[in-house]
Amino acid sequence: AIQYADMFRHFGGLPKIDRSYSPNEQVELPRMTVEENVRFITDLLDEAAKVLPWTVSSDNDGRMTKAGAMGLKVRVLLFAASPIFNADVPYTNSEATEKHYLWYGNKIDERWNDVIKAANAFLEELNVNGGYKLVNTGNPRDDFRCAYFERGYGEVLLSTRKQAKYENN
């Protein structure tokens, strides 16, 4: 879901890979439409959120959490609701546009409500479980440094590294 979310924002609809393929297998997968792609990603995230812990210990920093899955769902829905995908007129004309690989093919304001619902669901879980907060020492420069370099401050939902060590530089 993480990789699909990253690629979706750049490429729109992607081929659906939901199993492994053997080296000798012929693989010709059609692209999903934007709508199919968003549903595929959000379904994966919903499925993961059901079984993942809300937080992990600092020893497991970098592992996916329920908070990360729910936060990523908000981000995917936010991209999907944005004018690049959710518009009355496509930003470009091509075969990919006609097949709805690059946009929904229409503008529906309800897509913004989907973002709000997902964000509210995340905030409700946060209010119940805690574990995440913005760093606020009163000094914005220190806040940024702490949030970016220090582990365990609770500001990062999706950590991409186990630890960071900077020596001599």
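Residues numbered from 1 in each chain as written. Predicted model: local features only at pLDDT ≥ 70, side-chain atom pairs only at ≥ 80, totals over all residues. Heavy atoms only, no water.

Structural notes on the layout of surface pockets
Note the threshold: Grid spacing is 1 Å over the protein atoms alone, the probe is 1.4 Å, and a cavity is where that probe fits but cannot get out, while a pocket is an open set with protein on both sides within 12 Å along at least five of seven lines and lining residues have an atom within 4 Å of a point. Grid points are joined across faces, edges and corners, and a volume is the space filled by probe spheres set on the points. The secondary structure listing takes helices from DSSP runs of H or I that are at least 4 residues long and strands from runs of E that are at least 2 residues long, numbered from the N terminus. When residue character is reported, Ala, Val, Leu, Ile, Met, Phe, Trp, Tyr, Cys and Pro are called nonpolar, Asp, Glu, Lys and Arg charged, and the others, Gly included, polar.
Each pocket or cavity is described by its volume, and for the largest pocket that value is around 450 Å³. Elements with a contribution of two residues or more to the lining of the largest pocket: α2 (34–51), α3 (66–81) and α5 (110–129). For the lining of the largest pocket, the class distribution of residues is 13 nonpolar, one polar and 10 charged.

Some points on α2
The α-helix advances 3.6 residues per turn, and as a result positions three or four apart in sequence lie on the same side. For clarity, the cut-off: Given the number of residues in a helix, its expected span is that number minus one, multiplied by 1.5 Å. When a residue's accessible area, from a 1.4 Å probe over protein chains only, is under 20% of the maximum for its type it is buried; when over 50% it is exposed; and in between it is partly exposed. Two residues form a contact once any of their heavy atoms are found within 4.5 Å.
If you check α2, its first and last C-alpha atoms are 27 Å apart, about what 18 residues at 1.5 Å a residue would give, namely 26 Å. If you check which residues of α2 are buried, you get V34, N37, V38, F40, I41, T42, L45 and A49. Contact partners of the buried residues in α2: α1 (2–11) and α3.

Brief notes about the packing of α2 against α3
Inclusion rule: Axis geometry follows a simple rule: fit a line to the C-alpha atoms, using only the stretch in contact for helices, then measure angles between N-to-C directions, giving values from 0 to 180 degrees. In this scheme, roughly parallel covers angles under 35 degrees and roughly antiparallel covers those over 145, while 65 to 115 is roughly perpendicular and the rest are oblique. For any pair of crossing helices, the crossing counts as left-handed if the nearer helix is rotated counterclockwise from the farther one by less than a right angle, and right-handed if it is rotated clockwise.
Closest axis-to-axis distance for the α2/α3 pair is 8 Å, and the angle between their directions is 165°. Relative to α3, the element α2 lies roughly antiparallel. Our pair here, α2 against α3, has a crossing hand that is left-handed. Within the contact between the two elements, α2 uses V38, I41, T42, L45, D46 and A49 and α3 uses K66, A69, M70, L72, K73, V76, L77 and A80.

Section: the pattern of salt bridges
Quick reminder of the rule: The term salt bridge refers to a side-chain nitrogen of Lys or Arg lying within 4 Å of a carboxyl oxygen of Asp or Glu.
Under the definition given, this model contains six salt bridges. Residue K117 is joined to E110 by a salt bridge in which the shortest nitrogen-to-oxygen separation is 3.3 Å. The class of E110 is partly exposed, set by a relative accessible area of 38%.

Let's talk about unusual backbone geometry
With a phi close to 65°, H100 is a non-glycine residue in the positive phi region. In this structure, H100 sits in the loop between α4 (95–98) and α5.

Examining a nonpolar patch on the surface
Threshold: Without a salt bridge and with relative accessible area above 30%, a residue can belong to a patch; like charges are then joined within 9 Å and nonpolar side chains (Val, Leu, Ile, Met, Phe, Trp, Tyr) within 5 Å. Residue exposure ignores everything except the shown protein chains as possible cover, and the areas themselves are Shrake-Rupley values with a 1.4 Å probe.
On the surface, I17, V27 and L29 cluster together into a nonpolar patch covering about 220 Å² of accessible area. Tracing the chain through its elements places I17 in the loop between α1 and α2. Owing to a relative accessible area of 46%, I17 belongs among the partly exposed residues under this scheme.

A few points about the packing of aromatic side chains
To keep things clear, this is the line we draw: Within 6.5 Å between ring centres, the rings of Phe, Tyr and Trp (the latter by its six-membered ring) count as paired, and their orientation is classed by plane angle as stacked under 30 degrees, edge-to-face over 60, tilted in between.
Taken as a whole, this structure holds four aromatic pairs when the rule is applied. Judged by centre distance (5.1 Å) and plane angle (80°), the ring pair of Y4 and F40 falls under edge-to-face. With Y4 in helix α1 and F40 in helix α2, this residue pair connects regions lying 36 residues apart in the sequence. When its relative accessible area of 12% is taken as the criterion, F40 is described as buried. Here the aromatic rings of W54 and F122 are separated by 5.7 Å at their centres, their planes lie at 35°, and the arrangement is tilted. Placement of W54 in the loop between α2 and α3 and of F122 in helix α5 is noted, with a sequence separation of 68 residues between them. Of the two residues examined, W54 and F122, each falls in the buried class. Here the aromatic residues W54, F122 and Y132 are joined through ring pairs into a cluster of three or more.

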